Amino acid sequence: MLNRRLFIYVLVLVAIFSTVVNGIEIMKLADVKPGMEGIARTVFQGYKVEEFPVKIIDVIDQDLNSSLILFRAYGEKIEEIGGIASGMSGSPVYIDGKLIGAIAYSWSLSDHRYGLITPIEDMLELLESEDKPAGRGFQGFALNTPLYISGMQGRAFQRTKAKFENLGFQVLQGGGTGLRAVIEEPLEPGSAVAVQLVRGDINIAAIGTLTYMENGKILALGHSFTNKGDVDYLLSRAYINAIIPSISSPFKLGSPTDSLIGSVTVDRSAGVAGTLNKFSRIIPLSVRVKDQDRDKDKIVNVQLVKDEEYLTSLITNVSLQTIDSALDRIGKGTANVKLKITGKGLPDLGLERENVFYSRSDIAATALYEVYQLFNIINYNPFKKVELIDVKLEIEISGRDNVALIQEAKILNETIKPGDTLVIQVTLLPYRSEPVVKNIAFKLPEDINPGLATLVIDGGLTGISYQALPEDGYDYALEETKEAITEGYKDLESILEDFLERPRNNELILQIYPAYAAPEQEMEEVGEEGEEKQRRENGIVDGATEDEEEGQRRKNERVSNEENSYREIRETHETEFVLEGSLVIDFNIE
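Residues numbered from 1 in each chain as written. Predicted model: local features only at pLDDT ≥ 70, side-chain atom pairs only at ≥ 80, totals over all residues. Heavy atoms only, no water.

Colleague: How would you sum up the overall build of the chain? Please name residues and give values.
Modeller: Along the backbone of the chain there are 11 helices and 29 strands. The 590 residues of the chain split such that 49% are buried. Expressed as a percentage of contacts within the chain between residues at least 6 apart in sequence, the contacts between residues at least 24 apart total 73%. Summing over all exposed atoms, the chain offers an accessible surface of approximately 28,000 Å²; the carbon and sulfur share of this is 49%. (Helix = DSSP H or I, 4+ residues; strand = E, 2+ residues; numbered from the N terminus. Buried < 20%, exposed > 50% of the residue type's maximum accessible area, 1.4 Å probe, protein only. Contact = heavy atoms within 4.5 Å. Areas by Shrake-Rupley, 256 points an atom, 1.4 Å probe, with all protein chains shown as cover.)

Colleague: Lay out the packing of aromatic side chains in plain terms, naming residues and giving numbers.
Modeller: What the rule picks out here adds up to six aromatic pairs. Both rings, one in F169 and one in F225, keep their centres 5.3 Å apart while their planes meet at 65°; by these two values the pair is edge-to-face. Here F169 is found in the loop between α4 (154-166) and β10 (171-173), whereas its partner F225 is found in the loop between β13 (217-220) and β14 (229-244), with 56 residues between them in sequence. With respect to burial, F169 and F225 carry one shared label: buried. Seen in terms of ring centroids, F225 and Y233 are 5.9 Å apart; in terms of plane orientation they differ by 80°. Their pairing is edge-to-face. Take Y233: its relative accessible area is 2%, and that puts it in the buried class. Joined through ring pairs, the aromatic side chains of F164, F169, F225, Y233 and Y310 make up one cluster. Lying over the aromatic face of Y310, K228 brings its terminal NZ or CZ to 4.3 Å of the ring centre. (Phe/Tyr/Trp six-rings, centres within 6.5 Å; stacked < 30°, edge-to-face > 60°. Lys NZ or Arg CZ within 6 Å of the ring centre and 35° of its normal.)

Colleague: If you had to explain the sheet that holds strand β29 (residues 582-589) to someone new, which residues and values would you point to?
Modeller: What the four strands build is an open sheet, ordered β27-β26-β25-β29; its pairing is antiparallel. Each end of this open sheet is capped by a strand with a single partner; those strands are β27 (569-574) and β29. When strand polarity is set aside, the average angle formed by the axes of neighbouring strands in this sheet is 20°. The pairing of strand β25 (residues 451-459) with β29 spans eight bridges and is classified as antiparallel. Its bridge partner being in β29, L452 is matched across the sheet by N588. (Pairing = 2+ DSSP bridges. Axes fitted to C-alpha atoms, helices over the stretch in contact; angles between N-to-C directions.)

Colleague: I'd like to hear about the sheet that holds strand β23 (residues 421-430), residue by residue, with values.
Modeller: Strand pairing in a sheet relies on backbone hydrogen bonds, with the paired strands running either antiparallel or parallel. Taken together, the four strands give an open sheet; going across it, the order is β24-β23-β22-β28, and neighbouring strands pair in mixed fashion. The open sheet has two free edges, formed respectively by β24 (436-443) and β28 (578-580), since each of these has just one partner strand. Ignoring strand direction, the axes of neighbouring strands in this sheet form an average angle of 40°.

Colleague: Give me the nonpolar core: which residues, what numbers.
Modeller: Core analysis: the largest hydrophobic core is formed by 72 residues, its most contacted members being L197, F225, Y233, L304, I341 and I395. Of all the elements, helix α5 (residues 308-327) adds the most residues to this core, at nine residues. Once residues within four sequence positions are removed from consideration, L304 is found in contact with L197, V198, I282, I283, L285, L311, L314 and I315. In this structure, I406, I448, I512 and I569 belong to the second largest nonpolar core, which totals 25 residues. (Core = buried A, V, L, I, M, F, W, Y, C linked by side-chain atoms within 4.5 Å.)

Colleague: Can you tell me about the side chain of S263, naming the residues and giving the values?
Modeller: Take S263: it is sitting in strand β15 (residues 251-268). For S263, the side chain forms a polar contact with the main-chain oxygen of K278, separated by 2.8 Å. In this structure S263 touches D232, Y233, L235, G274, T275, K278, F279 and S280, once residues within four positions along its chain are discounted. (Polar contact = N/O pair within 3.5 Å; in protein donor to acceptor, adjacent residues only side chain to side chain.)

Colleague: Provide a residue-level description of the confidence of the model for the chain, including the pertinent values.
Modeller: The pLDDT averaged across the chain works out to 84; a share of 78% of its residues lies at or above 70. A low-confidence stretch, residues 1-18 stays under pLDDT 50, and its non-local contacts, those more than four residues away or across chains, total 11 contacts. Across residues 538-544 the pLDDT falls below 50, and counting only partners more than four positions away or on other chains, this stretch makes two contacts in the model. (pLDDT = per-residue confidence, 0-100.)

Colleague: Account for the pattern of salt bridges, naming residues and giving values.
Modeller: This structure, assessed with the given rule, holds 26 salt bridges. Close ionic contact of R41 with E188 constitutes a salt bridge, the shortest N to O distance being 3.3 Å. Remark: E188 occurs in the loop between β10 and β11 (192-200) and R41 occurs in strand β3 (residues 37-43); sequence separation between them is 147 residues. For R41, a relative accessible area of 16% corresponds to the buried category. Given a relative accessible area of 22%, E188 falls into the partly exposed group. Among the ionic pairs, E79 bridges to R113, the shortest N-O distance being 3.6 Å. (Salt bridge = Lys/Arg side-chain N within 4 Å of Asp/Glu carboxyl O.)

Colleague: So what's going on with α5? Which residues, and what values?
Modeller: Over its 20 residues, α5 runs 29 Å from end to end, which matches the ideal 28 Å to within 8%, given 1.5 Å per residue. The element α5 is extensively covered by neighbouring structure, given that 17 of its 20 residues are classed as buried. For α5, the N-terminal capping position is held by D307, with its side-chain oxygen 3.1 Å away from the main-chain nitrogen of E309. One or two steps after α5, the chain reaches D328, where phi turns positive at roughly 55°. (Expected span 1.5 Å × (residues − 1).)

Colleague: For the environment of V171, give the residues involved together with the corresponding values.
Modeller: Examined against the element boundaries, V171 turns out to sit in strand β10. Accessibility expressed as a relative area gives 5% for V171, which makes it buried. Taking the C-alpha atoms as reference points, V171 and I204, separated by 33 residues in sequence, lie 9.6 Å from one another. The contacts of V171, once residues within four sequence positions are left out, are L147, I149, F157, K161, F164 and E165.

Written out as structure tokens, the structure is:
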């Protein structure tokens, strides 16, 4: 009888101090007490999940909605690395086999053995939190989930780093570009996982730890990644090279694997939640760069998450890395750039743009000038969302100074009448080379106004003082772009139409401004009306009045002349040079 009572007593205690969720036993926050001891699970190297002991110090009330558990980690592994490491975020903590939460926060430049745990009750709410606003979470000293960038070096890495540090991320160079495929250890709570923004030849991913897994649902990190609420990010396993000791804070050095395991769909203050074997919608980006001088190709293929806040930066910086890798230099050159974008919400589901660029100092950055502009227009336009489907970019670069100045121009016609074809001789002066003479035919409209007209000849690059990528990580460039793309437009289609109709840098632009004949006619009419008025005042009326039909004819003629004076008469002619300079010629139309 005594044994039976003891057994019933134990069952009651289990019911009081724990709850079973989907077969996983958890301990409620109210039952966590100072002095309790347990274990945490994480990966120190490779894929293997290992345990280390922890001791509960206290429960810290944050506000009306959340509390955190203060703990101290110890043991041989912890002493070896110097304490809790960035990348341990999400490491599950158990007391008597019951899950109490995930390691989430610590202090930099302090005793790294101390940290804070996000209660599992708060994390479980993420599985039911779709369409709810994202919370702020614990503020101050988060255990950073490192954002690792692999496959990028030099300025492309620095630009991307600046972008994400400006958004509050801790950015580190990744553990390698080769994604490891052999995984001997099963996926389980404590496994290292990666939340990826970019995957492929270049990878950008946050590495943390899996907290909970049941019925195809997962929880990780114990704090937010981007804190955007509903998201659609890639989820994969991660390989840990090592944990690097640091005075500021130890951190895990690792990289994502080459196979996805699911997607992250919720990102809030208590962590991230997702689904296994359900994969994100991504944007394939293919960048091909040919160094014509060395006959060398570089092709980079990546997949991007559909997050408008990051897309412009990711596309331009992945492209910049591809160019820098292909050229292996920073300097002058000429680039032919072909961009093809497919997406729902674009005219005819896609658009293409081709242009030629020249720079005396940095052809790589100059070549991506319009790529940056165009994706800013698409991603930040205020009219409608564009669902990008595919992006292809092809760039051919040589070190040649393929640029020319418009040196001289003259009209060869002796007399000019409406409807004639002008023969315009244009002399181009290539950089440090002999002049090139081109004869261009320009057909005048039959109804062009007679009189003194003006021909303006421009190079496609004229008026553009600087074509290059702005510094990443600063908002001023984006704000200027937002203002520029919306001014005077009523829809996205009109913005894109104007952008695609811009002259290319290698085009010769000829524009004629016709004579304006209206003032002379108006003076004649005023004079006639004045004489008629004077005769009437003097009582001299000869019965002759202005014919109404003649008046209407003159009015129509005046309106037509005004319209002709302001209409655009323009032609563009492609050349083999990027063109600079401008000339103006006045000529008479008989």
